[in-house]
Amino acid sequence: MTSLLVIIVLVLLAVALWQLTKIFDLTQVGSSSDDSQVASDNDNNVQGYIMFGFLAFIYIFTIYGLLKWGNLVLHTPASEHGGLVDNLMNITWVLIFTVQVITQGLLYWFSFKNRGNKDRKALFFADSNKLEAIWSIIPSVVLACLILYGLYAWNNIMFVDKDEDVIEIELYAQQFKWTARYAGQDNVLGKANVRLIEGVNTLGVDMSDPNAQDDIVVSELHIPKGKKVHFKMRSQDVLHSAYFPHFRAQMNCVPGMVTEFAFVPTYTTSEYRELPFMVEKVAHINKLRAEKSTELVAKGGTALDPYTFDYLLLCNKICGASHYNMQMKVVVDTPEDYKKWLSEKTTLAQDIKAAKAAEKPAEGAAPTTDTAAKVIDTVKTVVDTVKAAVAKVAMK
């Protein structure tokens, strides 16, 4: 209802402004005015100063945005390659802002300097080899350097030596959740195919593959600090994107193919929580949540729980209605805690075996209520049949 009233008010304001312009036009009837539709020197001066006003707006809003929202960008990276990514991003930002300040300043300055004047004649020239060289060579050199540095960073991040000691983990994406599969003791993931999805085998792991016998499937991702983790990613349905913001890692998960990414965590979850900027951030969030909780309780609602920082794996592709909620908790442990956590997990083969055992009734177990009822009904039928036969014989 409120939206409808706002729309009605806006429409009425538009009609009122239209009527005011008509009244203004009527008041100008009979007065001397320039109807030539040709800009005068005064018009050109006004437009020139408006140009400067808009330039000031761009610069002021840019500075305001940096001061207002600059603290919302990601802070300290939690992976070895994160510093390289941040450095590349910072160089890109500096180039963008530098070029923006120079080009926008020149654009509006020349627009003002060369504004229309009845005593000035425009200079026409077909081309300028010097200008063409300047605005072609300089951007080409800058972009080439930026691209080469980006390729260098990308190759360093993506390179995984075949002989390198890494932990193999599969990330399986589906609407709207993540599932992780660990390679187990042999550190080799078993084969998988979506056609093999059945029961608790939700990832379609080929259980005839010897490498799959020690695979472990979990819904919460744990990785050790200081150890390279090699992720292999699959998607069951649509295009997803595995995004680890604090580790500066992202890779698309494409149905029908396996993509990969690797990184080395440098902070455990508890260590990252103790960083000064994170302590301040969590305190600020909890202050806002406390204020919101006061409002909710006053209205008879439930108070919000305090916020605690955790690493997250997010989906960075719009994959459907619940895309916003497609996330998995990531815990970075010490190597010792990681080994302990992993040793407590059952393998997928054990889970499948337990599920099949649960489906079959235990041998020698007492019959269920349904079975007993069926037996009783059968006995009653036999007894009734015998009684009827005996009665017929007696009558004869």
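Provided above is the structure to which this section pertains.
Residues numbered from 1 in each chain as written. Predicted model: local features only at pLDDT ≥ 70, side-chain atom pairs only at ≥ 80, totals over all residues. Heavy atoms only, no water.

Draft legend 1. Geometry of the overall build of the protein. Each helix and strand counted, the protein has nine helices and ten strands in total. In the protein, which comprises 396 residues, the share counted as buried stands at 25%. Counting contacts in the protein only where the partners sit at least 6 residues apart, residues at least 24 apart contribute 70% of the total. Here the protein has roughly 27400 Å² of accessible surface; of this, 63% comes from carbon and sulfur atoms. (Helix = DSSP H or I, 4+ residues; strand = E, 2+ residues; numbered from the N terminus. Buried < 20%, exposed > 50% of the residue type's maximum accessible area, 1.4 Å probe, protein only. Contact = heavy atoms within 4.5 Å. Areas by Shrake-Rupley, 256 points an atom, 1.4 Å probe, with all protein chains shown as cover.)

Draft legend 2. Broad picture of the state of the cysteines. By the definition in use, this model includes zero disulfides. Residue Cys-315 stays outside any disulfide, its sulfur separated by 3.8 Å from that of Cys-319, the closest cysteine. (Disulfide = S-S within 2.5 Å.)

Draft legend 3. Quick peek at unusual backbone geometry. A cis amide bond links Gln-175 with the next residue in sequence, Phe-176, at an omega value of 0°. Its location among the elements puts Phe-176 in the loop between β1 (167-174) and β2 (177-182). Although it is not a glycine, Asn-187 sits at a positive phi angle of roughly 55°. On the secondary structure map, Asn-187 appears in the loop between β2 and β3 (216-218). Phi angles above zero are rare outside glycine, and Arg-248 is one such case at about 55°. Checked against the element boundaries, Arg-248 lands in the loop between β6 (240-244) and β7 (249-253). Note on Arg-248: relative accessible area 11%, which makes it buried.

Draft legend 4. Summary view of the pattern of salt bridges. A full pass over the atoms with the stated rule returns nine salt bridges. The shortest N-O distance in the salt bridge between Lys-225 and Glu-271 comes to 3.1 Å. Taken together, the positions of Lys-225 in the loop between β4 (221-224) and β5 (229-235) and Glu-271 in helix α5 (residues 269-273) put the pair 46 residues apart, joining distant regions of the chain. Salt-bridge contacts for Asp-310 lead to Arg-273; the nearest nitrogen and oxygen are separated by 2.7 Å. Taken together, the residues span a long stretch of sequence, with Asp-310 in the loop between α6 (276-298) and β9 (311-315) and Arg-273 in helix α5 at a distance of 37 residues. One salt-bridge network, held together by shared partners, links Glu-170, Arg-181, Asp-215 and Arg-234. (Salt bridge = Lys/Arg side-chain N within 4 Å of Asp/Glu carboxyl O.)

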